[in-house]
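Here is how the chains run, residue by residue.
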Amino acid sequence: MNRYHFLILGDEARQKYLAEFLTARGHVVMQAMEYLPGYHDAVLLPIPQTKKYLEENAKRFQKGQIVYGCNFPPELENQCRDRGITFVDYMKAEGVASRNAVATAEGAIAEALQGACVTIGESRCLVAGYGCCGEILAERLLSLKAQVTVMERKEEKRARARGFGCQAVSFTRPAEELGTYDYIFNTVPSRVFTAEMLSHVKRDVRIIDIASAPGGVDFDFCQKKGIQAKLCLGLPGKYAPKSSAGILVEVIGKTILGER
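Scope of this entry: the structure provided in the associated data block.

**Points about the packing of helix α1 (residues 13-24) against helix α10 (residues 241-255)**
Working step 1: Remark: α1 packs on α10, axes separated minimally by 8 Å, with the N-to-C direction vectors making an angle of 55°. Between α1 and α10, the interaxial angle falls into the category oblique. Like other packed secondary-structure pairs, α1 and α10 cross with a definite hand, here right-handed. Taken together, the residues of α10 that come into contact with α1 (itself represented by Ala13, Arg14, Tyr17, Leu18, Phe21 and Leu22) are Pro241, Lys242, Ser244, Ala245, Gly246, Leu248, Val249 and Ile252.
Working step 2: Taken together, the residues of the contact of α1 with α10 break down into 10 nonpolar, two polar and two charged.

Structure representation (C-alpha cells):
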C-alpha cells in the first residue's frame, strides 16, 4: 500500500475524525489551522469553510496536489488547475450528497428544538425547497408526527412531496400563510424569505436555514424584529462528525488511494 502525506486544515470535529481514520490506515497526517511548509500529497479543507481556506491558501498549493472540499469558487479553482492542482468536491461524488443530507436534516431538527416552545410532534412545519436535503428533512419531520408543508417551485417535486404525505405549495402562495407555522426550514440558497414575507410569521417561530451561505432568509430583518432565525452550516460536522468523516474517507479512498 502506498503511504500518502495528508494535510488536514481546520478544527471541525469531522476533520479530527478524518485524521484518525487516515492515520489508522498507515498514512502520514498533519492537522493544523493554517498551511504547513513541506509537500503534502493531499490537502483536506473543511466543508463549511472551503472558500475561506481556499482563498487563504491557494497560492501555497503545489503542483500535483489534490485538494478536497466542497463548492469551490470557480475562478480560484480554475487558477489552481492551471498550476497542476487537482480538486475533488466531496459532494459531487456518487451517493455522498444524499448520505450527507441525512446528518444535515437530523442536525437541523436538533437546532430547531434548542429553545423551542413546542415539540415537533405538535407542530406545523414548512420546508422550503425539496431537493436532496429538503426531501430527507421533510421525511424526518413526518416521522416525528409533524404536519409538514413543502414550499417548492417545481410542480413535479410538489407532487412527489404530496405522495410522501406532505402538503405542498408554490412560492407564490400568500405570505400571510407563514403565520401558521411553528418551524420554518429553508434549504434554498437564494433570498426566498424576504422582509415582507417574514413580517407575517409567528413571534415564537423558529427559522432554521441550512442553505449555503448567505442562506435564503433576511437575517437583518429577523434580528430587528426579534425573530429567532439561524443560519446553520456544517451540521454533519457538528452532530454526526464520525459518520460524516467516514463518508468522506470513502471519497478519498476512491480518488487517491485506489480503493474500490
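Picking up where we left off.
**Quick word on the packing of aromatic side chains**
Aromatic rings considered in pairs are described by the distance between their centres and by the relative angle of their planes.
Working step 1: Under the criterion given, the structure shown has six aromatic pairs.
Working step 2: Of note, Lys52 hangs over the ring of Tyr53, and the distance from its end group to the ring centre comes to 4.5 Å.
Working step 3: It is Arg153 that lies over the ring of Phe171; its NZ or CZ is 4.5 Å from the centre.

**Let's talk about the packing of helix α4 (residues 96-113) against helix α5 (residues 132-143)**
Working step 1: Close contact between α4 and α5 brings their axes to 8 Å; oriented N to C, the two are set at 50°. In terms of orientation, α4 and α5 fall into the oblique class. Between α4 and α5 lies a crossing of right-handed hand. On the side of α4, the interface is formed by Ala97, Ser98, Ala101, Val102, Thr104, Ala105, Glu106, Ala108 and Ile109, while α5 contributes Cys132, Cys133, Ile136, Leu137, Arg140 and Leu141.

**Let's talk about the nonpolar core**
Working step 1: Counting residues in each nonpolar core, the largest one holds 25 residues, and the members touching the most others are Ala108, Leu137, Leu141, Val148, Phe185, Ile208 and Ile210.
Working step 2: At the level of secondary structure, the elements contributing two or more residues to this core comprise α4, β6 (124-128), α5, β7 (147-151) and β9 (183-186).
Working step 3: If near-sequence neighbours (up to four positions away) are discounted, Leu141 is found in contact with Ile109, Ile120, Cys125, Val127, Ala146, Val148 and Phe185.
Working step 4: Formed by 22 residues, the second largest nonpolar core is a distinct cluster that contains Ala19, Tyr68, Ala245 and Leu248.

**Notes on the sheet that holds strand β2 (residues 28-32)**
Sheets are built from strands paired through backbone hydrogen bonds, the pairs being either parallel or antiparallel.
Working step 1: Read from one edge to the other, the open sheet built from five strands follows the order β2-β1-β3-β4-β5, with strand pairing classed as parallel. Looking at which strands have only one partner, the edges of the open sheet turn out to be β2 and β5 (86-89). When the angles between neighbouring strand axes are averaged without regard to direction, this sheet yields 20°.
Working step 2: Taken strand by strand, α10 contacts β1 (5-9), β3 (42-44), β4 (66-69) and β5, and its axis lies near 155° from that of β4.

**Some thoughts on helix α3 (residues 74-82)**
Working step 1: Considered for burial, the residues of α3 that qualify are Leu76, Glu77 and Cys80. Buried residues of α3, viewed axially, fall in a sector of 100°; they line one side. Of the exposed residues in α3, those oriented more than 90 degrees away from the buried face are Pro74, Glu75 and Asp82.
Working step 2: Structurally, α3 contributes buried residues whose contacts are with α2 (50-57) and β5.
Working step 3: With its phi angle positive at about 85°, Gly84 sits one or two positions after the end of α3.

**Here's the deal with the sheet that holds strand β10 (residues 206-209)**
Working step 1: Taken together, the six strands give an open sheet; going across it, the order is β8-β7-β6-β9-β10-β11, and neighbouring strands pair in parallel fashion. Of all the strands in the sheet, the pair left with one neighbour each is β8 (167-169) and β11 (228-231). Strand-to-strand twist across the sheet, computed as the mean angle between neighbouring axes with direction ignored, equals 15°.
Working step 2: Along the sheet, α5 contacts β6, β7 and β9; its crossing angle with β6, the most-contacted strand, is approximately 170°.

**A short note on the layout of surface pockets**
Working step 1: The volume enclosed by the largest pocket comes to roughly 970 Å³.
Working step 2: For the largest pocket, the lining is made up of 36 residues, of which Cys70, Asn71, Ile210, Ala211 and Ser212 are closest to its centre.
Working step 3: Counting residues per element, the ones that place at least two in the lining of the largest pocket are α2, α4, α5 and α9 (235-239).
Working step 4: Element by element, the count of residues in the lining of the largest pocket is highest for α4, at four residues.
Working step 5: A per-class count over the lining of the largest pocket returns 21 nonpolar, 10 polar and five charged.

What counts, and where the lines are drawn
Residues numbered from 1 in each chain as written. Predicted model: local features only at pLDDT ≥ 70, side-chain atom pairs only at ≥ 80, totals over all residues. Heavy atoms only, no water. Axes fitted to C-alpha atoms, helices over the stretch in contact; angles between N-to-C directions. Helix = DSSP H or I, 4+ residues; strand = E, 2+ residues; numbered from the N terminus. Parallel < 35°, antiparallel > 145°, perpendicular 65-115°, else oblique. Left-handed = near helix turned anticlockwise from the far one by under 90°. Contact = heavy atoms within 4.5 Å. Nonpolar A, V, L, I, M, F, W, Y, C, P; charged D, E, K, R; others polar. Phe/Tyr/Trp six-rings, centres within 6.5 Å; stacked < 30°, edge-to-face > 60°. Lys NZ or Arg CZ within 6 Å of the ring centre and 35° of its normal. Core = buried A, V, L, I, M, F, W, Y, C linked by side-chain atoms within 4.5 Å. Buried < 20%, exposed > 50% of the residue type's maximum accessible area, 1.4 Å probe, protein only. Pairing = 2+ DSSP bridges. Arc of directions from axis to C-beta. 1 Å grid on protein atoms, 1.4 Å probe; cavity = no way out; pocket = protein on both sides within 12 Å on 5 of 7 lines; lining within 4 Å. Points joined across faces, edges and corners; volume = space filled by probe spheres on them.

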